Structure formats: C-alpha cells, structure tokens
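Residue-level structure breakdown
Listed below are the residues making up each chain.
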Amino acid sequence: MSAGTFYAIVPFVRDTLDELIALEPSPANTRYSALREASYSVGRIVGDAPIVGAVVFAREMDDSGTFDDIVVVARYGETFESRSLR
C-alpha cells in the first residue's frame, strides 16, 4: 500500500560558461500542479539567468516511509537527458 506520491520540479539554467545547471527542486502538491508549474517556468528569470528547462519527477512512499525510485514524469526545454536523479 502506498502512503503517497510526492512530486517535485527541478528547473535548469545555463551559467556564464553555458553549462547546464540544475537548481534546487521545489515540491508540488499534485501531478497536475507539477506539470503546470514546470511548463510555465521555462523562460522565467532566476537571478540573471532564464530558466531553460525543467524536469518533473515523482516518488512513491510506502507506509513504512521508504521511497521507491524516482520516476521522471515530464521534461520541458533543455535538461540533462542521461543523468540520474536518484
């Protein structure tokens, strides 16, 4: 039995050397709100840099508090394609 599903959005920016940088994840209450926030975040400005991409991921937690592996729900814009989010 699952105690719940947790969703988070990881935005990405490019630094001054044009390297892709993941920012801190932000939580979302539902899958829909995570997808909406991620899609709307691309193009917003954080500090001096525009957000160039975002990843939405989910994790299931069982009744004992143990998390399952991360599942990538969606990607928007530029993101790390092959890097693990574990």
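Description of the structure in this document. (Residues numbered from 1 in each chain as written. Predicted model: local features only at pLDDT ≥ 70, side-chain atom pairs only at ≥ 80, totals over all residues. Heavy atoms only, no water.)

For the coordinates displayed, the defined rule picks out three salt bridges. When the shortest N-O distance is used, the salt bridge between Asp-18 and Arg-14 registers 3.8 Å. Salt-bridge contacts for Glu-37 lead to Arg-44; the nearest nitrogen and oxygen are separated by 2.8 Å. According to the relative accessible area criterion, Glu-37 is partly exposed, its value standing at 33%. Bridged by salt links that share partners, the residues Arg-14, Asp-18 and Glu-78 form one connected network. (Salt bridge = Lys/Arg side-chain N within 4 Å of Asp/Glu carboxyl O. Buried < 20%, exposed > 50% of the residue type's maximum accessible area, 1.4 Å probe, protein only.)

Glancing now at the pairing of strand S5 (residues 49-62). Pairing of strand S4 (residues 45-46) with S5, which is carried by two bridges, proceeds in the antiparallel orientation. Looking at the pairing, Ile-45 lines up with Pro-50 of S5. In this antiparallel pair of consecutive strands, S4 and S5, the connection spans two residues, and Gly-47 shows a positive phi of 65°. As paired strands, S5 and strand S6 (residues 71-77) are joined by six bridges and run antiparallel to one another. Bridge pairing links Ala-58 to Val-71 in S6. (Pairing = 2+ DSSP bridges. Helix = DSSP H or I, 4+ residues; strand = E, 2+ residues; numbered from the N terminus.)

Attention shifts here to the environment of Val-10. Relative to the helices and strands, Val-10 resides in strand S1 (residues 2-14). Each C-alpha atom, one on Val-10 and one on Ala-38, is 8.0 Å from the other, the two residues being 28 residues apart in sequence. With sequence-adjacent residues up to four places away left out, Val-10 is seen in contact with Ala-22, Leu-23, Pro-25, Gly-53, Ala-54, Val-55 and Phe-57. (Contact = heavy atoms within 4.5 Å.)

Positionally, Val-73 belongs in strand S6. Classification of Val-73 as partly exposed rests on a relative accessible area of 21%. Put simply, Val-73 and Phe-57 are 16 residues apart on the chain and 5.1 Å apart in space, counted from C-alpha to C-alpha. Among all residues touching Val-73, those that are not within four sequence positions of it are Arg-31, Leu-35, Val-56, Phe-57 and Ala-58.

Functional significance is not addressed by these values, which are geometric in nature.
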